[in-house]
Amino acid sequence: MAVPKSRVTELRYDASKIELKWQKRWEEDELYKVRDTAAGQKWYELTMYPYPSGDLHIGHWYAMAPADAHARFKRMQGYNVLHPMGFDAFGLPAENAAIREGIHPRVRTMDNISNMRQQLRRMGTMYDWDREIVTCSPDYYRWNQWIFLQFYKNDLAYRAYAPANWCPKDNTVLANEQVVDGKCERCDSMVERRELNQWFFRVTKYADELLDHSQIQWPEKINTMQTNWIGRSEGVDVEFDISEYGLKEKVLTTFTTRIDTIYGVTFVVLAPEHPLVEILTTPENKEAVDNYIVQARRQSEVERLSTDKAKTGVYTGAYCINPLNGRRIPILVADYVLRTYGTGVVMAVPAHDERDFKFAKKYGLPIEIVVSPDEWNGEELSTAYTGEGVQVNSEQFDGLHNTESISKIADYIESKGWGRRNKAYRIRDWLISRQRYWGTPIPIVYCDSCGTVPVEEDDLPVTLPDDAEFKPTGESPLKLNECFWKTECPSCGGIAIRETDTMDTFVDSSWYQFRFTSSGYTKGIFDPDLVSTWSPVDQYTGGAEHAVMHLLYARFFTKALRDLGLLDFDEPFIRLFNQGHIIANHQKMSKSRGNVIAPDKYVRRVGADAVRCYLMFLGPWDRGGDWSDTGLNGMVRWINRVWDLASRDLKFLKDTSIDGKAVADLNRMKHKTIRRVVSDMEQFKFNTVLASLMEYSNELNMVLERKSVDVKSWTDAVEKLLILMAPITPHISEELWSQFGHETSIHLEKLPDWDPELSSDDVVTLVVQVNGRLRDRIEIPAESVTEEEAVKLAKESDKVIPHIRGKVIKREIYVPAKLVNIVI
RNA sequence: GCCGAAGUGGCGGAAUGGUAGACGCGGUGGUCUCAAAAACCAUUGGGAGUUAAAUCCCGUGUGAGUUCGAAUCUCACCUUCGGCACCA
């Protein structure tokens with residue numbers, strides 16, 4: 001295999017010197033200071049803030065540099081742009097490092113932030129650092145606590161004893177969204193089940209509204225993922241009679257989406273955690289059931305839900321009655337039924353449900369067909385039939401197609417009072433408790449006499465103690481810190497204990513987009529005027545991996561804050577764009593592969609502009625790209641050529657013979673380039689933006705060689721190139737702009753308009769086909785050719801004549817100013 | 001298993017019903033140089049053809065279809081990537 005020689009393109013200029021010079025100047029001039037009341041329509045463009053891991057890696061660059069270019073572009077279009085930056089500063093890695101190395105999470109996090117802040121400046125970004133948010137600052141997290149209190153008052157936050165996903169490595173519980181393939185999303189450990197008292201946010205209250213994506217322009221993929229995650233199913237709750245046991249509960253309610261199969265129910269299954277299990281189980285079955293429940297509890301969620309696992313279960317010894325046919329059927333317990341979905345009770349129809357079928361086969365339970373497959377002649381099924389068909393064995397509904405009977409049977413059940421239509425959701429409430437130190441303390445106090453008491457708003461923030469001990473005990477380090485947990489009850493003044501769990505860090509990022517509008521505000525979570533000036537975010541960018549976590553939670557918060565009267569709109573982010581992932585040498589970057597690209601190294605060598613350029617050039621932003629050092633060289637070469645073009649001594653044009661056509665052609669090319677660049681920038685098509693700019697600069701090179709245009713045309717052509725490049729390569733554009741004698745920053749320039757007339761070609765190529773095959777290309781003046789003329793030209797072509805000579809022409813197709821197709 | 005996206009030169013990619021391969025990388029030949037690197041110029045999908053050209057044929061994962069015309073639309077299949085996966 002040929003190994004490409006490592007060649008390094010030399011820069012014509014000192015990139016670091018120039019870039020640092022302008023970064024300093026921009027800061028002194030407060031060039032990027034955002035003014036709430038500046039002229040121009042507002043444009044709020046936000047990119048997902050980073051976790052302060054210590055170093056800005058190439059993935060951060062890939063997310064932020066193109067986003068910065070786009071925000072700069074909007075600014076040059078005349079918008080008043082807010083494009084802020086902050087740090088998602090709470091989280092497990094800092095605390096785990098503290099356990100390992102003994103460095104306090106705050107110290108380490110703040111160190112990392114100051115390093116990354118410098119790296120972000122070095123990238124040449126236009127962030128206004130006065131608006132920075134650092135979520136581990138009490139000025140920020142006190143508002144997490146404030147929101148928690150409002151949620152608590154409005155029944156959107158509640159505490160419950162429930163089984164939770166426990167990560168044994170991170171020593172904390174996780175939200176459902178943070179469990180991927182049964183493993184911890186962060187550290188890949190197998191998640192265990194633990195029953196604990198936990199705080200939840202009632203995201204399910206907004207399930208229906210969250211399904212509505214009509215007010216946002218997001219990638220269909222993300223909308224679908226959210227829709228699937230919420231997982232609304234419409235069906236019927238049906239009550240099976242258990243009155244024979246003389247209990248308080250007279251019925252067992254099941255949820256089904258296949259009410260058409262109700263006559264085929266041959267047994268009913270309860271989730272092992274269902275409270276009726278204990279009550280209904282007969283004495284002779286008690287031991288078996290108890291053993292089964294213990295066994296089911298021991299299993300992790302993954303083991304229990306594994307699709308390939310054989311289905312297991314036990315009889316309770318109890319029976320219930322199907323209200324439709326009066327049949328008495330057995331009640332079982334099986335762990336394939338989930339307590340948390342629907343009613344936690346399943347009416348099993350083995351003939352028409354894959355899971356029930358397997359279960360029935362294993363335990364020898366009857367299988368009764370009630371929806372007939374096509375051409376079915378009464379034989380037994382070898383697998384569950386889940387398709388459509390005609391009702392059989394269904395009393396008065398026999399003969400109906402099941403697509404009809406679904407609503408007929410539901411109506412019948414409702415009219416008889418045996419049940420009602422209902423919906424079930426896959427999404428669960430958001431578990432926000434974390435048994436960790438480095439997060440927002442939950443502002444709740446437990447008092448022996450008053451119970452659960454919220455901290456007074458005036459007493460916020462509940463701050464993290466600095467002297468916590470970090471030990472991996474499985475409980476919050478705050479539990480070991482007496483100064484923290486020992487407190488007075490806000491209600492009775494007696495001795496009370498603080499909640500020692502902290503909040504999931506996704507709470508921080510659920511509303512940070514609003515805090516950026518007034519990040520220093522002390523009288524509330526945000527300034528009500530400024531939040532409505534800037535919000536919602538017009539353009540959000542970030543990775544698709546947050547589809548059902550951050551993006552869903554942020555939408556939930558927006559709706560909840562709206563209902564609390566704090567916001568007057570429904571969605572946090574109007575447009576969303578997901579960038580892809582950057583890889584290296586066709587492989588995912590990882591330390592173990594040793595192919596991690598360290599941007600700082602390249603920035604030192606060729607400057608931030610070249611790196612920015614290359615990241616935007618290497619492929620469509622949403623599809624990601626493959627880093628290659630030689631590819632970067634190409635960008636360096638191009639920037640060098642632009643440098644040469646723009647720093648040419650104009651004397652070379654002074655005594656040229658001006659060619660009127662060359663001037664007109666250059667002007668045409670200029671307008672065409674402006675049009676293409678603006679339109680592609682708008683759509684985040686940075687790679688084709690750069691291709692257009694390269695074509696334009698190649699054209700300028702040709703003009704330069706021929707020296708055929710006047711000084712004024714040349715200067716304007718080059719200045720327009722610099723303006724179009726400014727969002728992408730902010731430093732070099734600024735430098736060359738000032739070399740042209742401009743006193744003010746290029747970043748204060750408006751993007752030039754293009755003339756629609758001039759931005760299209762005056763001469764077009766007429767393509768001539770015979771039977772759809774290319775035979776000739778004829779240069780014709782645009783727009784001035786009629787169909788007759790075009791066809792005539794085509795038929796007269798020397799290259800076409802041999803193909804049509806002596807043939808009968810069946811059809812002539814003409815696409816104006818583009819193509820003639822002669823069909824023979 | 002289900003849902004979704006994608007498959008184009010040696011490589012990254014452009015073109016979303018009308019000139020396939022823009023732009024860039026890499027390669028080849030040349031200029032400059034003692035030499036190299038850098039830079040610059042030319043060339044670069046495959047094949048047939050010719051002294052040279054003209055010209056022709058093939059070509060966008062595979063196979064069919066729609067159309068005057070398909071990388072683009074439709075169907076089936078293959079591969080890769082992403083998401084979901086006992087949710088009744």
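Residues numbered from 1 in each chain as written. Chains lettered and ligands numbered in written order. Predicted model: local features only at pLDDT ≥ 70, side-chain atom pairs only at ≥ 80, totals over all residues. Heavy atoms only, no water.

For the rest of this paragraph, the subject is the overall build of chain A. Within chain A, the secondary structure is distributed over 26 helices and 33 strands. With the principal axes as the frame, chain A shows a C-alpha extent of 110 × 85 × 55 Å. Taking all 824 residues of chain A together, the buried fraction comes to 54%. Looking at chain A alone, contacts between residues at least 24 apart form 73% of all its contacts between residues at least 6 apart. Working note: accessible area of chain A is about 37100 Å², and carbon and sulfur atoms make up 48% of it. Here chain A carries 103 positive and 121 negative side-chain charges, and the mean point of each set is 5 Å from the other. (Helix = DSSP H or I, 4+ residues; strand = E, 2+ residues; numbered from the N terminus. Buried < 20%, exposed > 50% of the residue type's maximum accessible area, 1.4 Å probe, protein only. Contact = heavy atoms within 4.5 Å. Areas by Shrake-Rupley, 256 points an atom, 1.4 Å probe, with all protein chains shown as cover. Lys, Arg positive; Asp, Glu negative; His and termini not counted. Charge placed at Lys NZ, Arg CZ, Asp CG, Glu CD.)

Our focus in this paragraph is the environment of Ala318. By secondary structure assignment, the location of Ala318 is in strand 13 (residues 313-321). Here the alpha-carbon distance between Ala318 and Leu280, two residues 38 residues apart in the chain, equals 6.0 Å. Beyond its immediate chain neighbours, meaning those up to four positions away, Ala318 contacts Tyr245, Leu280, Thr282, Ile329, Pro330 and Ile331.

So, about the sheet that holds strand 21 (residues 444-447). The strand order 22-21-24-23 describes an open sheet built from four strands, whose pairing is antiparallel. In this open sheet, the two edge strands, each paired with only one partner strand, are strand 22 (451-454) and strand 23 (486-488). Put simply, the sheet's adjacent strands are angled 40 degrees from each other on average, direction ignored. Pairing of strand 21 with strand 24 (residues 495-498) involves three bridges; the strand directions are antiparallel. Bridge pairing in strand 24 links Val445 to Arg498. (Pairing = 2+ DSSP bridges. Axes fitted to C-alpha atoms, helices over the stretch in contact; angles between N-to-C directions.)

Under the counting rule described, the total for this entry stands at 44 aromatic pairs. Judged by centre distance (4.8 Å) and plane angle (45 degrees), the ring pair of Phe359 and Tyr363 falls under tilted. You can see Phe359 and its partner Tyr363 sitting in helix 11 (residues 354-363), four residues apart, about one turn around the helix. For Phe359, a relative accessible area of 0% gives the class buried. With a relative accessible area of 26%, Tyr363 lands in the partly exposed category. (Phe/Tyr/Trp six-rings, centres within 6.5 Å; stacked < 30°, edge-to-face > 60°.)

Bringing the sheet that holds strand 5 (residues 157-167) into the picture now. Across the sheet, four strands lie side by side as 6-5-9-19; this open sheet has antiparallel pairing. In the strand order of this sheet, the two ends are held by strand 6 (172-174) and strand 19 (430-431), each with one partner. Bridge analysis of strand 9 (residues 192-201) against strand 19 gives two bridges, and the strand direction is antiparallel. When the sheet's bridge partners are listed, Phe201 is paired in strand 19 with Trp430.

Turning to helix 11, a few remarks are in order. Turning to helix 11, its buried residues number three or more, namely Asp356, Phe357, Phe359 and Ala360. Packing partners of the buried residues in helix 11 comprise strand 12 (267-270), strand 13, strand 14 (328-334) and strand 15 (345-348). Phi turns positive one or two residues past the end of helix 11, at Gly364, with a value near 65 degrees.

Turning our attention to the side chain of Ser394. Locating Ser394 in the fold gives a position in the loop between strand 17 (390-391) and helix 12 (402-416). In this structure the side chain of Ser394 is engaged in a polar contact, spanning 2.8 Å, whose partner is the backbone oxygen of Val392. What Ser394 contacts, discounting residues up to four positions off in sequence, is Tyr263 and Val370. (Polar contact = N/O pair within 3.5 Å; in protein donor to acceptor, adjacent residues only side chain to side chain.)

Once that is clear, we can look at unusual backbone geometry. Each neighbour pair has its own omega, and for Leu460 with Pro461 the value is 0 degrees, a cis peptide bond. With respect to the helices and strands, the residue Pro461 is situated in the loop between strand 22 and helix 13 (482-485). Phi at Asp155 is positive, roughly 60 degrees, even though this residue is not glycine. When you line up the elements, Asp155 lands in the loop between helix 5 (138-153) and strand 5. Since its relative accessible area comes to 46%, Asp155 is described here as partly exposed. Phi at Asn393 takes a positive value of approximately 50 degrees, unusual for a residue other than glycine. Its place among the elements puts Asn393 in the loop between strand 17 and helix 12.

Any functional reading would require information that these geometric values do not contain.
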